[in-house]
Amino acid sequence: MNAVSSVPSDIVSLRMIHCRAEQAARGAQYHLAVFHYRTCLEVAERREDCRAVEFFALRLADCYDVMGLGHKAEGFRALADQGGTDGQALLG
C-alpha cells in the first residue's frame, strides 16, 4: 500500500500539506518541502485537478533546482508543461 493513499484528498487536507511544504521551503528544508509537495502533487493527480498538478510540479522543480538536481527539476517542469497529463511516469 502506498503511504500517500492514506492521505485524505479533501481540499482542507491538501491546503494543510501545502502550508507545511511552503514553511519547509522558506526554512531551506528542501528535502522536507519535496516530501510535502510530492504528496500534494499525488493528491492533485487523484483529484484530476490539472491546475493543481501544474502548480505543485513547478514548486517541486523549484526545490530540485535549489538542491542542484536539475534533471529532476526538468522532469517536473515537463509535467507542468503537459498540463499534468501522463505524470505517473515522472513520479516513479
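For the structure, see preceding data.
Keep in mind that what you see is a predicted model, and the values were worked out from it rather than measured. (Residues numbered from 1 in each chain as written. Predicted model: local features only at pLDDT ≥ 70, side-chain atom pairs only at ≥ 80, totals over all residues. Heavy atoms only, no water.)

Asker: Please clarify how the overall build of the chain should be interpreted in this entry.
Answerer: The helix and strand tally for the chain stands at five helices and zero strands. Beginning at the N terminus, the succession of helices and strands in the chain can be written as α-α-α-α-α. Expressed as a percentage of the 92 residues in the chain, the buried residues total 40%. If you take every contact in the chain between residues at least 6 apart in sequence, the share linking residues at least 24 apart comes to 47%. (Helix = DSSP H or I, 4+ residues; strand = E, 2+ residues; numbered from the N terminus. Buried < 20%, exposed > 50% of the residue type's maximum accessible area, 1.4 Å probe, protein only. Contact = heavy atoms within 4.5 Å.)

Asker: Would you mind showing me how to read the side chain of His 36 here?
Answerer: Along the chain, the position of His 36 falls in helix H2 (residues 30-46). Judged by its relative accessible area of 11%, His 36 is buried. Setting aside chain neighbours within four positions, we find His 36 in contact with Ile 17, Arg 20 and Ala 21.

Asker: It is not clear to me how the packing of aromatic side chains should be interpreted in this structure. Could you clarify?
Answerer: Each aromatic ring pair is characterised by the separation of its centres together with the angle its planes make. Tallying each qualifying case throughout the model produces three aromatic pairs. Ring geometry for Tyr 37 and Phe 56: centres 6.5 Å apart, planes at 40°, overall tilted. Of the two residues, Tyr 37 sits in helix H2 while Phe 56 sits in helix H3 (residues 50-66), which places them 19 residues apart along the sequence. Seen from their ring centres, Tyr 64 and Phe 76 are 5.7 Å apart, and the 15° between their planes marks the pair as stacked. (Phe/Tyr/Trp six-rings, centres within 6.5 Å; stacked < 30°, edge-to-face > 60°.)

Asker: When you look at H3 in this model, what are you seeing that I'm missing?
Answerer: Helical periodicity: at 3.6 residues per turn, an α-helix aligns residues three or four positions apart in one direction. Taking 1.5 Å as the rise per residue, H3 with 17 residues should run 24 Å; its terminal C-alpha atoms sit 25 Å apart, in good agreement. Taken residue by residue, H3 has Ala 52, Val 53, Phe 56, Ala 57, Leu 60, Ala 61, Cys 63 and Tyr 64 as its buried positions. As for H3, its buried residues are in contact with helix H1 (11-26), H2 and helix H4 (70-81). Phi for Gly 68, located one or two positions after H3, is positive at around 80°. (Expected span 1.5 Å × (residues − 1).)

Asker: What am I meant to see in unusual backbone geometry here?
Answerer: The general pattern is negative phi for most residues beyond glycine and trans for most peptide bonds. Although it is not a glycine, Ala 28 sits at a positive phi angle of roughly 60°. Mapping Ala 28 onto the fold places it in the loop between H1 and H2. In this structure, Glu 48 is a non-glycine residue whose phi angle is positive, near 55°. Along the polypeptide, Glu 48 turns up in the loop between H2 and H3.

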